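# Structure assessment
One-letter residues, chain by chain:
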Amino acid sequence: MSKSISNLKFKQGVKDGLPIGLGYLSVSVAFGVKASLLQIPIWITVLISMTNLTSAGQLSGIEIIAGAGTIIEIILTQLVINSRYFLMSLTLTQKIDSTFNVKSKLLCSTFITDEIYAVASSRPQKINPKYVYGLALLPYIGWSVGTLIGATLGNFMPTFITSALGIALYAMFIAIVIPPAKKERGILFAVILSTLFSCGFYYIPYLNQISAGFATIICAVLTALIVAYFFPIKEENDNE
Amino acid sequence: MSEMQMLLMVITMALVTYIVRMIPLTFFKRKIKSRYIKSVLYYIPYAVLSAMTFPAIFYSTGNLYTALIGTAVALILAFFKRSLLTVAIFSCLAVLIFGFII
């Protein structure tokens, strides 16, 4: 086992987490509004955000709850939509330093979201628990507080505001993906290929019957398998 | 659905989501040696985010035209390496303003 210890600080994590936190604040307002329109009690909506911390999963969750769906339905959709976290979590096992123990792994697992993961994995060095807690702090607060605001004000908020908020999350994804794609051909190729696959799953008859969460996994894995073949990463000299 | 039933649903959701995140990080301890597997894992996040963004972003505002403007603004600002927050805010503003014009 490597004995590498990361020197990243809690404070650096908080700093890196600020834009995510503010992004989450606006996106979770949109989530709260949506839940209030579906007549879900405010405390339930806030509890969902505080215990799930996942946009797509929560959205489908409240739709199932509002539609009086079953537990089985909830389990299956969450498994499919959130299975990307399984991949991200697996990737992170190669990124964490030796100061991680079981307790910090159990706690840090809670905070694996698309954005937190993207920022943590784009760090050049290994990450330690302190950094992850710092990184997750503001996103967690932003996500919970935003949900509370949205759920409380939902019925009073005009549509032009809620629909403008709808694009926030996706804009943030673009902001994560584009800069590294400019720098590395492999990433650029991955972005383009995955986008094409994803559009295929959206527009092509029969393929568009596949649920969004499942389609995302197929697109991502297929893309990564192909791009990794043509653009293998440089082997770094691990100090082990 | 009663609030108790909703609570049960929420707890189930949270557990499933947590288990999916927790299992690899907690139980997978090996260092991956294969250069190919490492490369696959390296590209996964970019592929995931791209697939989640397109084409869903075009339908994120309830109006294709405002969404296209918002997407263009996000792409341009991201190209010039603006922060996540700046990109998100200006994209929302573009949708908001353009929504009033059309």
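What you are looking at is a predicted structure, and each value in this text was computed from that prediction instead of being measured.

## Re the overall build of chain A
A tally of regular secondary structure across chain A gives eleven helices and zero strands. Mapped from its N terminus to its C terminus, chain A presents α and β elements in the order α-α-α-α-α-α-α-α-α-α-α. At 19 Å, chain A has a C-alpha radius of gyration in line with the 18 Å of a compact globule built from 240 residues. For chain A, the spread of C-alpha atoms along the three principal axes comes to 55 × 45 × 35 Å. A separation threshold of at least 6 residues defines the contact pool for chain A, and within that pool the share at least 24 residues apart is 80%.

## Some points on the packing of aromatic side chains
In total, this model carries 13 aromatic pairs over all chains according to the counting rule given. Ring centres of F79(B) and F80(B) lie 5.4 Å apart, and the angle between their planes is 85°; on these two criteria the pair is classed as edge-to-face. Stacked on the ring of Y85(A), the Lys or Arg R84(A) has its end atom at 4.6 Å from the ring centre. Between R21(B) and the ring centre of Y85(A), over which it is positioned, the NZ or CZ distance is 4.3 Å.

## Brief notes about the layout of surface pockets
By volume, the second largest pocket is sized at about 1,300 Å³. Of all the secondary structure elements, the ones that give two or more residues to the lining of the second largest pocket are α1 (10–37), α3 (55–66), α4 (71–92), α8 (159–165), α9 (168–183), α10 (185–203) and α11 (212–230) of chain A together with α2 (35–53) of chain B. The residue makeup of the lining of the second largest pocket includes at least three contributed by each of domain 1 (10–167) and domain 2 (184–232) of chain A.

## Here's the deal with the interface of chain A and chain B
Contacts between chain A and chain B engage 102 residues on the former and 69 residues on the latter. The contact between chain A and chain B buries some 8,000 Å² in all, and 75% of this surface belongs to carbon and sulfur atoms. Interface area lost by chain A to chain B is led by Q94(A), I167(A) and I233(A), which between them contribute 9%. For the pair chain A and chain B, the number of links is 23 residue pairs in polar contact (both at pLDDT 80 or more). Looking at the side of chain A that touches chain B element by element, the count peaks at 16 residues for α4(A). Of the residues contributing to the side of chain A that touches chain B, the split by class is 65 nonpolar, 27 polar and ten charged.

## Some words on the domain arrangement of chain A
All names here are of chain A. We note that the domain assignment places domain 1 (10–167) and domain 2 (184–232) within chain A. Domain 1 and domain 2 are separated by 23 Å when their C-alpha centres are compared. When the two sides are added together, the surface that domain 1 and domain 2 hide from each other amounts to roughly 340 Å², 84% of it contributed by carbon and sulfur. Our enumeration of links across domain 1 and domain 2 arrives at zero residue pairs in polar contact (both at pLDDT 80 or more).

## Observations regarding empty space enclosed by the protein
This structure, assessed with the given rule, holds two cavities of 30 Å³ or more. L92(A), I96(A), F100(A), C108(A), F111(A), I112(A), I116(A), Y117(A), A120(A), I127(A), V132(A) and L25(B) are the residues that line the largest cavity. Ranked by residue count, the leading element in the lining of the largest cavity is helix α6 (residues 114–122) of chain A, at three residues. Grouping the constituent residues of the lining of the largest cavity by class yields twelve nonpolar, no polar and no charged. In this structure, the second largest cavity spans a volume of roughly 70 Å³. Along the walls of the second largest cavity sit Y24(A), L53(A), T54(A), S55(A), Y85(A), T113(A), D114(A), E115(A), W143(A) and L169(A), which together make up its complete lining.

## Notes on the nonpolar core
Core analysis: the biggest nonpolar cluster contains 66 residues, and I20(A), I112(A), I127(A), L135(A), I174(A), Y43(B) and I57(B) have the highest contact counts within it. Considering every element that reaches this core, the biggest residue donor is α9(A), with twelve residues. Shared between two domains, this core takes at least three residues from each, and those domains are domain 1 (10–167) and domain 2 (184–232) of chain A. Sequence-distant contacts of I127(A), defined by excluding residues within four places in its chain, comprise S6(A), L8(A), L92(A), K95(A), I96(A), D97(A), F100(A), A120(A) and V132(A). Grouped together as the second largest cluster of nonpolar side chains are 14 residues, I40(A), I44(A), I48(A) and M9(B) included.

Conventions adopted
Residues numbered from 1 in each chain as written. Chains lettered and ligands numbered in written order. Predicted model: local features only at pLDDT ≥ 70, side-chain atom pairs only at ≥ 80, totals over all residues. Heavy atoms only, no water. Helix = DSSP H or I, 4+ residues; strand = E, 2+ residues; numbered from the N terminus. Rg over C-alpha atoms; globule rule 2.2 N^0.38 Å. Contact = heavy atoms within 4.5 Å. Phe/Tyr/Trp six-rings, centres within 6.5 Å; stacked < 30°, edge-to-face > 60°. Lys NZ or Arg CZ within 6 Å of the ring centre and 35° of its normal. 1 Å grid on protein atoms, 1.4 Å probe; cavity = no way out; pocket = protein on both sides within 12 Å on 5 of 7 lines; lining within 4 Å. Points joined across faces, edges and corners; volume = space filled by probe spheres on them. Domains from an automatic or database assignment. Buried area = accessible area lost by both parts, 1.4 Å probe. Polar contact = N/O pair within 3.5 Å; in protein donor to acceptor, adjacent residues only side chain to side chain. Nonpolar A, V, L, I, M, F, W, Y, C, P; charged D, E, K, R; others polar. Core = buried A, V, L, I, M, F, W, Y, C linked by side-chain atoms within 4.5 Å. Buried < 20%, exposed > 50% of the residue type's maximum accessible area, 1.4 Å probe, protein only.

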